[in-house]
Amino acid sequence: MESPADLSARAAGGDRAAFSELMRQTRSALFRFVRRYVGDEQDAWDLLQDTYAAAWINIRRYDPTRPFEAWIRTIALNKCRDWSRRRFVRRLIRGGVDLASPEAMSVPDGAEWADDRMEAGHRLARLNEAMSRLPPHLKAPLLLTAIEGRSQAEAAGMLGVSVKTVETRVARARRKLSDALNDTSAVQTVPE
């Protein structure tokens with residue numbers, strides 16, 4: 001099996017088979033990243049396709065000494081940002097807020113009881129909804145560090161900001177998520 005570096009070098013030279021293999025290797029993780037960013041499964045698939053198409057069109061610009069995954073993730077991040085801007089403009093033109101909530105990601109069947117699975121699904125749906133509503137400048141560093149496991153230095157390099165900026169934005173994103181989840185998950189008691 002070829003190393004990622006060898007595949008990257010071949011892909012940079014225009015080898016479609018090498019690029020296809022790199023796509024296969026990065027697809028799942030990249031989809032999860034985009035899905036968490038946009039909050040909608042269908043939009044995520046569309047953006048993933050746009051990402052790979054843009055990468056192939058610009059493959060001659062790719063520097064094979066740089067990890068392919070970092071390069072493709074940067075393209076995906078830019079596609080997500082463009083999507084957010086277009087969505088904002090559409091909502092602004094319509095004069096309202098898009099009230100459609102994103103579909104919840106499926107929850108693995110590991111819970112002992114159906115009620116536990118349902119509650120876990122509701123928590124996950126609330127988390128996905130809250131995450132999709134974060135401003136892009138807070139969402140991207142949070143996804144890269146907390147969800148994708150990137151270091152703050154890696155995230156800073158991908159986002160073109162300082163490590164301190166990433167640290168600050170992640171902290172702010174976590175506070176906003178916590179506030180949003182506490183507001184939507186508050187249990188209301190009804191007097192008997």
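Scoring rules and cut-offs
- Residues numbered from 1 in each chain as written.
- Predicted model: local features only at pLDDT ≥ 70, side-chain atom pairs only at ≥ 80, totals over all residues.
- Heavy atoms only, no water.
- Axes fitted to C-alpha atoms, helices over the stretch in contact; angles between N-to-C directions.
- Helix = DSSP H or I, 4+ residues; strand = E, 2+ residues; numbered from the N terminus.
- Parallel < 35°, antiparallel > 145°, perpendicular 65-115°, else oblique.
- Left-handed = near helix turned anticlockwise from the far one by under 90°.
- Contact = heavy atoms within 4.5 Å.
- Nonpolar A, V, L, I, M, F, W, Y, C, P; charged D, E, K, R; others polar.
- Buried < 20%, exposed > 50% of the residue type's maximum accessible area, 1.4 Å probe, protein only.
- Phe/Tyr/Trp six-rings, centres within 6.5 Å; stacked < 30°, edge-to-face > 60°.

A short note on the packing of helix α1 (residues 4-12) against helix α2 (residues 16-38)
Next, step 1: The contact between α1 and α2 brings their axes to 7 Å, and the two run at 130°. Judged on the interaxial angle alone, α2 and α1 are oblique. In the packing of α1 onto α2, the handedness of the crossing is left-handed. Between α1 and α2, the residues in contact are Pro-4, Leu-7, Ser-8, Arg-10 and Ala-11 and Ala-17, Ala-18, Phe-19, Glu-21, Leu-22 and Gln-25, respectively.
Next, step 2: When grouped by side-chain class, the residues that make up the contact of α1 with α2 number 7 nonpolar, 2 polar and 2 charged.

Observations regarding the environment of Arg-169
Next, step 1: Here Arg-169 is to be found in helix α8 (residues 163-184).
Next, step 2: In the structure, Arg-169 is positioned 29 residues away from Ala-140 in sequence and 9.0 Å away in space, judged by C-alpha atoms.

What about the environment of Ile-72?
Next, step 1: Along the chain, the position of Ile-72 falls in helix α4 (residues 68-94).
Next, step 2: Judged by relative accessible area, Ile-72 falls into the buried class, the value being 1%.
Next, step 3: Sequence-wise, Ile-72 and Thr-26 are 46 residues apart; in three dimensions their C-alpha atoms are separated by 8.5 Å.
Next, step 4: Those residues in contact with Ile-72 that lie beyond four places of it in its chain are Leu-30, Thr-51, Tyr-52 and Ala-55.

Remarks on the packing of aromatic side chains
Next, step 1: Enumeration over the complete set of coordinates arrives at 7 aromatic pairs.
Next, step 2: Arranged with centres 6.5 Å apart and planes meeting at 85°, the rings of Phe-19 and Tyr-52 form a pair that is edge-to-face. Remark: Tyr-52 occurs in helix α3 (residues 41-57) and Phe-19 occurs in helix α2; sequence separation between them is 33 residues. Each member of the pair, Phe-19 as well as Tyr-52, is classed as buried.
Next, step 3: Ring geometry for Phe-68 and Trp-71: centres 5.8 Å apart, planes at 50°, overall tilted. With a gap of 3 residues between them, Phe-68 and Trp-71 both fall in helix α4, about one helical turn apart.
Next, step 4: Take Phe-68: its relative accessible area is 4%, and that puts it in the buried class.
Next, step 5: By way of ring pairs, the aromatic residues Phe-19, Tyr-52, Trp-56, Tyr-62, Phe-68 and Trp-71 are connected into one cluster.

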